[in-house]
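A look at the structure
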There are 2 protein chains.
Amino acid sequence: MDYMRILVTGGAGFIGSHMCDRLLQRGNTIWCLDNLRLGRRRNIAHLEIRPDFHFIESDLLNESELRALFADARFDAVFHLAANSDISAGTKDFRLDLDLNQLTTVNVLEAMKAHDVKRLFFASSSAVFGETDELLHEDFGPLLPISFYGASKLAAEAYISVFAHTFGGRAVVLRFPNVVGERATHGVIYDFLRKLEANRAELQVLGDGMQSKPYLYVSDLIDAVLTAWDKADAPYAVYHAAGIGSTSVREIAEIVVAAAGGAGTRIVFTGGDRGWPGDVPRFRYDISRLQALGWHPARHSTDAVRHAVERILANGF
Amino acid sequence: MDYMRILVTGGAGFIGSHMCDRLLQRGNTIWCLDNLRLGRRRNIAHLEIRPDFHFIESDLLNESELRALFADARFDAVFHLAANSDISAGTKDFRLDLDLNQLTTVNVLEAMKAHDVKRLFFASSSAVFGETDELLHEDFGPLLPISFYGASKLAAEAYISVFAHTFGGRAVVLRFPNVVGERATHGVIYDFLRKLEANRAELQVLGDGMQSKPYLYVSDLIDAVLTAWDKADAPYAVYHAAGIGSTSVREIAEIVVAAAGGAGTRIVFTGGDRGWPGDVPRFRYDISRLQALGWHPARHSTDAVRHAVERILANGF
């Protein structure tokens, strides 16, 4: 494979920074764009001395800066991970996810078309499906999102579909599950650790703790992205990745308390079947399409959670 | 059924004006909002003397006007038909359909939430599916639009799903097929009549004429909308309606030439399997869900086309 000039949007974020690490390891030159809204400079501090890594603090909603960057850097590909990845933050606001997840994507696609950049990776989400007990294959319908996060990711997918089917682009979409690991900037483990820091006597858990999802360790996710990227055999290819098994919020709370709480930490549940309106309490992913390409997660869901707690505590949060 | 105070967006357009007619016949009071971009004042001229009909020339992208209207009129329901319904117009522009189809919808949803309006009808489209030979049930996946029109309608559906599933709204979505009838402001019949008016010797047809779709007469469509509206039994309900059978563009050209051409009019095809990039050359709809609610189209597809040509010629275009 030829080395490429790659733009990683959201590259200073949790998953984006791991993406930069791995794309650099493969010999690519990276432009890491981040507005540092959720991303953190310290996630990429170890990369900033490298000559093949360029950090650009910019916002994808700033179209003129984006056009100038594309004109200057002559990208071969874009890994578009920038987003409001904090689902609960968007539950009351019709515009937050629309702007940060969808309109950023439209701006990226416009810039790609204008500068003839053909290859795109897009970080989508299981939230596009909404709430269903069915096993979710990539071609499953109907898609009935219950959060603006899910709606905006679905909308972004739709625009990427047009880009791939009408403008000769090639796009790989991976619908991320819940991903855990060091450098997380939010999410359930992060929240629990923060809460324990403030009050070691009690950990309050939103919902009844029975929400249960297939957590994936971030390194397994990056493997999934690169497997899909290398082996996708259609101009528009969608994949699911998830950890094997699933882990309840109650189990996560117990793991976090065991690692960071004290002997007397009580776990208290607020009740209700979900953490917030728009939270999908459980889902099940069919990952056979990506497995058929050779991807297999190294860690089961609960192992991924346990390892993430250790690594986050070791790295600071 | 209680009479309602209903906002019809795009109410001066082709389908919107028929929607106003029928909702008024049922005893409702109508606020018809249109920016007159595609809509025409003459489509509603026969309604403007009625005390139960109010025309508002405004653009849904003007949020302050929209809020003021909602505050003033205290709607019970919204029939949201405003859109860029001219698919080919949006093929080169990433923003046209995004603004006119999706962001207008987001504005309507925000206004509905702010003013506690719970009931919505939304005019979606078969274009959400993209290109497939499968029989399209409402729950079919994957949805891979190939036009910004299709992408923007899918995105709008996604936001409406959140509205219905999270904010206690009730939404009925009908994915329109190709609809024909008097007051059309664009579309294949309208285009052919315009072309013949300019040059009676030759009718140029985009593509090879083999594109074939299930055309629906506008009165059958309005019946479908009202059947779905009256009988939908879920907070978020999606339906398909289409004419029985399908009609090729070649057949439409022949019908139009027979009605409005001359003995010597030649039909010339530009070639290629579609009229423009983003045009879906054929699709097949499963309409059993709406039929189970009692809806049946009065006209088969080719009858609908033939009747539409007659009515458009009689009414002027």
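Counting starts from 1 at the beginning of each chain's written sequence and moves along it residue by residue. Naming scheme: in the order in which they are written, chains are lettered from A and ligands are numbered from 1. Only residues with pLDDT of at least 70 are given local features in this predicted model, and only at 80 or more are side-chain atom pairs given and counted; all residues enter the totals for whole chains, interfaces and linings.

A short note on the pairing of strand β4 (residues 77-80) of chain B
Residue and element names in this part refer to chain B. Put simply, the test is: To sort residues by exposure, count the other C-beta atoms lying within 10 Å of each residue's C-beta; 20 or more gives buried, 12 or fewer gives exposed, and values between give partly exposed, all with C-beta atoms placed from the backbone. The helix and strand labels rest on DSSP assignments: H or I over at least four residues marks a helix, E over at least two residues marks a strand, and numbering proceeds from the N terminus. Strands are treated as partners if at least two bridges between them are detected by DSSP.
Alternating positions in β4 separate into two faces, A77 and F79 on one and V78 and H80 on the other, with burial throughout. Taken together, the four bridges between strand β1 (residues 5-9) and β4 define a ladder with parallel strand orientation. Residue pairing in the sheet places V8 in a bridge with F79 of β4. As paired elements, β4 and strand β5 (residues 119-125) share four bridges and run parallel to each other.

Some words on the sheet that holds strand β7 (residues 170-176) of chain B
Residues and elements named next belong to chain B. Where we set the bar: The axes used here are C-alpha line fits, helices contributing only the stretch in contact, and every angle between their N-to-C directions lies in the interval 0 to 180 degrees. We call two residues in contact whenever the C-beta atoms placed from their backbones are within 7 Å.
Strand order in the open sheet made by the seven strands is β3-β2-β1-β4-β5-β7-β12, with parallel pairing throughout. On the outer flanks of this sheet lie β3 (53-57) and β12 (236-240), each paired with one strand and no other. Shown here is a sheet whose adjacent strand axes are inclined to one another by a mean of 15 degrees, direction ignored. Packed on one face of the sheet, helix α3 (residues 96-114) meets β1, β4 and β5 and runs near 180 degrees to β4.

Structural notes on the confidence of the model for chain A
Parts of the model with low pLDDT should not have their predicted coordinates read in detail. Selection rule: Each residue gets a pLDDT score, which is the predictor's confidence in that residue and runs from 0 to 100.
Summing up the model confidence of chain A, the mean pLDDT is 95 and the portion of residues at 70 or higher is 100%. In the model output, the complex is listed with pTM 0.96 alongside ipTM 0.95.

A look at the interface of chain A and chain B
The line we're drawing: In the scheme used here, Gly and all other residues not listed as nonpolar or charged are polar, with Ala, Val, Leu, Ile, Met, Phe, Trp, Tyr, Cys and Pro taken as nonpolar and Asp, Glu, Lys and Arg as charged.
Of the residues lining the interface, 30 residues belong to chain A; the matching set on chain B comes to 30 residues. Put simply, the parts of the chain that give the side of chain A that touches chain B at least two residues each are α3 (96-114), α4 (148-166) and β12 (236-240) of chain A. The greatest single-element share of the side of chain A that touches chain B, amounting to 10 residues, is contributed by α4(A). Of the residues in the side of chain A that touches chain B, the class split is 20 nonpolar, seven polar and three charged.

Section: the sheet that holds strand β5 (residues 119-125) of chain A
Residues and elements named next belong to chain A. What the seven strands build is an open sheet, ordered β3-β2-β1-β4-β5-β7-β12; its pairing is parallel. With partners counted over all chains shown, the strands left at the sheet margins are β3 (53-57) and β12, one partner each. Direction aside, the axes of adjacent strands within the sheet are offset by 15 degrees on average. α4 rests against β5, β7 (170-176) and β12 of the sheet, and its axis sits at about 155 degrees to β5. Contacts from helix α6 (residues 218-231) reach β5, β7 and β12, with the element oriented near 155 degrees to β7.

What about the environment of G278(B)?
Structurally, the position occupied by G278(B) is in the loop between β14 (266-269) and β15 (284-285). Linking G278(B) and D93(B), residues 185 residues apart in sequence, is a C-alpha distance of 12 Å. Dropping the residues within four chain positions of it, G278(B) is found in contact with T166(A), I87(B), T91(B), I146(B) and S147(B).

Points about the relation of the copies chain A and chain B
The condition that has to hold: When the copies are overlaid, the least-squares fit takes in C-alpha atoms only where the residue has pLDDT of at least 70 in both copies.
Superposing chain A onto chain B requires a rotation of 180 degrees together with a translation of 0.0 Å along the rotation axis, leaving an RMSD of 0.0 Å. The operation mapping one copy onto its partner corresponds to a two-fold rotation axis.

Quick word on the packing of helix α2 (residues 63-73) of chain B against α3(B)
All names here are of chain B. What counts, and what does not: With the far helix as reference, a near helix turned anticlockwise by less than a right angle produces a left-handed crossing, and one turned clockwise produces a right-handed crossing.
The interhelical angle for the contact between α2 and α3, taken along N-to-C directions, is 35 degrees, at an axis separation of 10 Å. The handedness of the crossing between α2 and α3 is right-handed. For the pair formed by α2 and α3, the contact residues are E63, L66, R67 and F70 on the first element and N107, A111 and A114 on the second. A class-by-class count of the residues in the contact of α2 with α3 yields four nonpolar, one polar and two charged.

Considering the domain arrangement of chain A
All names here are of chain A. Rules: Start and end points for every domain follow an automatic or database-based domain assignment.
Taken as a whole, chain A is organised into domain 1 (5-179 + 215-240) and domain 2 (185-214 + 246-282 + 299-315). Just the C-alpha atoms count here: the centres of domain 1 and domain 2 sit 26 Å apart. Classifying every residue of the side of domain 1 that touches domain 2 gives nine nonpolar, six polar and four charged.

Here we look at the packing of helix α5 (residues 188-198) of chain B against helix α7 (residues 249-260) of chain B
Residues and elements named next belong to chain B. This is how the line gets drawn: We call two directions roughly parallel when the angle between them is under 35 degrees, roughly antiparallel when it is over 145, roughly perpendicular when it lies between 65 and 115, and oblique otherwise.
Running from amino to carboxyl end, α5 crosses α7 at an angle of 45 degrees, the nearest separation of the two axes being 10 Å. When the axis of α5 is compared with that of α7, the two are oblique. Where α5 crosses over α7, the handedness of that crossing is right-handed. Between α5 and α7, the residues in contact are V188, I189, F192, L193 and L196 and V249, I252, A253, V256 and A260, respectively.

Looking at unusual backbone geometry
A cis amide bond links G141(A) to the next residue, P142(A), at an omega of 0 degrees. Phi at R183(A) is positive, roughly 75 degrees, even though this residue is not glycine. Mapping R183(A) onto the fold places it in the loop between β8 (179-180) and α5 (188-198). Positioned with a positive phi, R74(B) is a non-glycine residue whose angle comes to about 45 degrees. Secondary-structure assignment places R74(B) in the loop between α2 and β4.

A short note on the environment of R67(B)
Residue and element names in this part refer to chain B. Its place among the elements puts R67 in helix α2. The exposure class assigned to R67 is partly exposed, which follows from the 15 C-beta atoms found within 10 Å. Sequence separation between R67 and A111 is 44 residues; the distance between their C-alpha atoms is 6.0 Å. Beyond its immediate stretch of four places on either side in the chain, R67 contacts A111 and A114.

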